[in-house]
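# Per-entry structural report
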Amino acid sequence: MKFVAITSCPTGIAHTYMAAEALEQAGKAAGHDVQVETQGSAGSAPFDPAVIAAADGVIFAADLEVRDKDRFAGLPFVDVGVKKAVADAPGVVAAAVAAVEATPKGSTPAPAAGPALATKVTSNAGVGTRVRQWLMTGVSYMIPFVAAGGIMIALAFLIGGYQISDVKAADLISGFDPLSGHDWAGLLFVLGGAAFGFLVPVLAGFIAFGIADRPGIAPGFVGGTIAVTVGSGFLGGLVAGFLGGFVALALARLKVPNAVRGIMPVVVIPLVATFVTAGAMLVVLGRPIAWLMDELTAGLNSLSGSGIVLLGVILGVMMAADLGGPINKVAYTFATTGLATVATSSGSPVELKVMAAVMAAGMTPPLGIALATFVRKNLFTEAERQNGKAAVLLGAFFITEGAIPFAAAAPLRIIPAAMIGSGLTGGLTMAFGNTLRAPHGGIVVFGLVGQPLLYLVAILIGTAVTAVAVIVLKGLHRKAPEAQATPAAAQPATV
């Protein structure tokens, strides 16, 4: 059979492309042709209409609403999350085959076209699931701003030193010298700071978008901007996003006369929801949340000794707990939003240490598992050994998702091992006092790490510990079937 498939994940980085490769390989192994359109952060190359016309069925392996879904009307389909395709691609392909075989010839079952939400939010899902999906909607749109702004600021410091923070936009407007490295560094710094300025509004705007669709955008963005104005930061953005989304959703569900219905989404909902959300953030909620943020910041800055090491351990464990999933993204978002508040300042505030711990702990799982595949090849399949080679590069560039193929096959052995190594790495970076001003990049941004040699030591120790833990846990699992295969006569009697 011939299948077309769509893969996408909230961040549009690793899972999107890993699922695509897994589906292509599983289809080939089963004797089917699977062609994939990846709707990731790099954009997508839409299928040629002839490819869709020749397809027997379609596979949606997506955590986002599929773009232009009506192209596939009339095709039998399966709709799963992107992680399902990574963990069990043969099963997904088999389900697609079954869907085609179960569809009577000549029938035209069309997948339902939902609203163009950034993250699928299931109406009958539990409250916790929906809250996670709304948060991931905001985070998925925020991450490009984090990467662009953070890396530009980091490069500015690398080129012009920390004194580049004194450069103002007015200086560049009035006298930019294209032959001056200092001015180029200043340009990077100003542009990066501008990108970072959007983090909280984008987070709030797209949380509200996930809740209420387009009517939530205006109240979310304006509420997030007011959150920045009053100094309530990341927590204020979360509150503004949820408040704006629910106010817009409540207004959208009001039963109004037909004469008013046409102007509700264009005038009434944006006007009322924005006024309520932004007004509440400015005069009611903003100051208490700002006070709470100040207390949290003071608490972080007061950490020292065992306290800050414990924070590093906790963040490290979170980075490995689901290898790129919601828990991982909570730790990463905590680090990057903290970095946004201090990236343009000098000195070594604790937020820079948090960012260093999170990146090192995120690099450790794929590196440690890759090391295990090299040291004890007999514990891994040929496919896993090949994935181990790829995991080296993924880990080196801080793509924690490189460990997912291994965790999908043996989660109860791989994930605990990864958590042990990442927790140790996070604690060591805190103990060593490492700092980092870049939100991503792995080895590419080692020049921006405070005490880089000790940082490398922390990563290498965590990698080695992860590898040992993986080998031990997989070795124990391997012995169990061998013991069961021992002839009954050779086994001692037990009670």
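In what follows, the accompanying structure is described.

Right, let's talk about the overall build of the chain for a bit. Summing up its helical and strand segments, the chain has 19 helices and four strands in all. In the chain, of all internal contacts separated by at least 6 residues, the share reaching a separation of at least 24 is 72%. Of the roughly 22300 Å² of accessible surface on the chain, a fraction of 67% belongs to carbon and sulfur atoms.

Geometry of a packed helix pair, given as the angle between the helix axes and the separation of the axes. Put simply, helix H5 (residues 127-160) and helix H10 (residues 233-252) touch, their axes get as near as 11 Å, and they point 110° apart. With respect to H10, the element H5 is oriented roughly perpendicular. Of the two elements, H5 crosses H10, and the hand of that crossing is right-handed. Here Val131, Trp134 and Leu135 of H5 lie close against H10, whose contacting residues are Leu238, Phe242 and Phe246. For the contact of H5 with H10, the class distribution of residues is six nonpolar, no polar and no charged.

Looking now at the sheet that holds strand S1 (residues 2-8). Read across the sheet, four strands follow the order S2-S1-S3-S4 without closing on themselves; strand pairing throughout is parallel. With one partner strand each, in any of the chains shown, strand S2 (33-38) and strand S4 (77-80) form the two edges of the open sheet. Here the strands of the sheet are splayed against their neighbours by 15° on average, with no regard to which way each runs. Pairing between S1 and S2: six bridges, direction parallel. Bridge pairing links phenylalanine 3 to valine 34 in S2. Running over the sheet, helix H1 (residues 14-29) touches S1, S2 and strand S3 (57-62) and is turned about 170° from S2.

This part takes up the pattern of salt bridges. For the structure shown, the criterion picks out five salt bridges. Between lysine 69 and aspartate 79 there is a salt bridge whose closest N-O contact spans 3.9 Å. On the criterion of sequence distance, the pair formed by lysine 69 in the loop between S3 and S4 and aspartate 79 in strand S4 is long-range, its members being 10 residues apart. The buried category is assigned to lysine 69, whose relative accessible area is 10%. On the accessibility criterion, aspartate 79 (38% relative accessible area) is partly exposed. Between glutamate 401 and lysine 329 there is a salt bridge, with its nearest N and O atoms 3.4 Å apart. Residue glutamate 401 is found in the loop between helix H16 (382-396) and helix H17 (404-409), and its partner lysine 329 is found in helix H14 (residues 326-342); the two are separated by 72 residues along the sequence.

Right, let's get into the layout of surface pockets. Here the largest pocket is characterised by a volume of approximately 750 Å³. For the largest pocket, the lining is made up of 25 residues, of which Ala22, Val86, Ala383, Asn387 and Pro405 are closest to its centre. Looking at the lining of the largest pocket, the elements with two or more residues in it are H1, helix H3 (82-87), helix H4 (89-102), H16 and H17. Of the residues contributing to the lining of the largest pocket, the split by class is 17 nonpolar, five polar and three charged. Quantified by volume, the second largest pocket comes out at close to 630 Å³. Taken together, 26 residues line the second largest pocket, and the ones lying closest to its centre are Phe234, Met293, Thr337, Gly338 and Thr341. If you list the elements that add at least two residues to the lining of the second largest pocket, you get helix H7 (181-196), helix H8 (199-212), H10, helix H12 (264-302), H14 and helix H15 (350-375). The element best represented in the lining of the second largest pocket is H14, accounting for seven residues. Classifying every residue of the lining of the second largest pocket by side-chain character gives 14 nonpolar, 10 polar and two charged.

At a closest axis distance of 8 Å, the pairing of H14 and H15 adopts a crossing angle of 145°. Where H14 crosses over H15, the handedness of that crossing is left-handed. Along its contact with H14, which presents Ala331, Tyr332, Phe334, Ala335, Thr336, Gly338, Leu339, Thr341 and Val342, the element H15 presents Glu351, Leu352, Val354, Met355 and Val358. When the residues that make up the contact of H14 with H15 are grouped by side-chain class, the tally is 10 nonpolar, three polar and one charged.

This part takes up a nonpolar patch on the surface. A cluster of nonpolar side chains, namely Ile151, Leu155, Leu158 and Ile159, defines an oily patch on the protein surface of about 330 Å² accessible area. For leucine 158, the position within the fold is in helix H5.

In this structure, proline 416 sits in helix H18 (residues 411-432). For the pair proline 416 and alanine 320, spaced 96 residues apart in sequence, the C-alpha separation works out to 8.4 Å. With sequence-adjacent residues up to four places away left out, proline 416 is seen in contact with Pro411 and Leu473.

Right, let's get into unusual backbone geometry. The backbone phi angle of phenylalanine 398 is positive, close to 60°, even though this residue is not glycine. With respect to the helices, strands and loops of the structure, phenylalanine 398 is situated in the loop between H16 and H17. With relative accessibility at 4%, the residue phenylalanine 398 sits in the buried group. For glutamine 451, which is not glycine, the phi torsion reads 60° and is therefore positive. Tracing the chain through its elements places glutamine 451 in the loop between H18 and helix H19 (452-484). The class of glutamine 451 is partly exposed, set by a relative accessible area of 42%.

Rules behind the numbers
- Residues numbered from 1 in each chain as written.
- Predicted model: local features only at pLDDT ≥ 70, side-chain atom pairs only at ≥ 80, totals over all residues.
- Heavy atoms only, no water.
- Helix = DSSP H or I, 4+ residues; strand = E, 2+ residues; numbered from the N terminus.
- Contact = heavy atoms within 4.5 Å.
- Areas by Shrake-Rupley, 256 points an atom, 1.4 Å probe, with all protein chains shown as cover.
- Axes fitted to C-alpha atoms, helices over the stretch in contact; angles between N-to-C directions.
- Parallel < 35°, antiparallel > 145°, perpendicular 65-115°, else oblique.
- Left-handed = near helix turned anticlockwise from the far one by under 90°.
- Nonpolar A, V, L, I, M, F, W, Y, C, P; charged D, E, K, R; others polar.
- Pairing = 2+ DSSP bridges.
- Salt bridge = Lys/Arg side-chain N within 4 Å of Asp/Glu carboxyl O.
- Buried < 20%, exposed > 50% of the residue type's maximum accessible area, 1.4 Å probe, protein only.
- 1 Å grid on protein atoms, 1.4 Å probe; cavity = no way out; pocket = protein on both sides within 12 Å on 5 of 7 lines; lining within 4 Å.
- Points joined across faces, edges and corners; volume = space filled by probe spheres on them.
- Patch = residues over 30% accessible without salt bridge, like charges linked within 9 Å, V, L, I, M, F, W, Y side chains within 5 Å.

In short, the description is geometric, and any link to function would need to be established separately.
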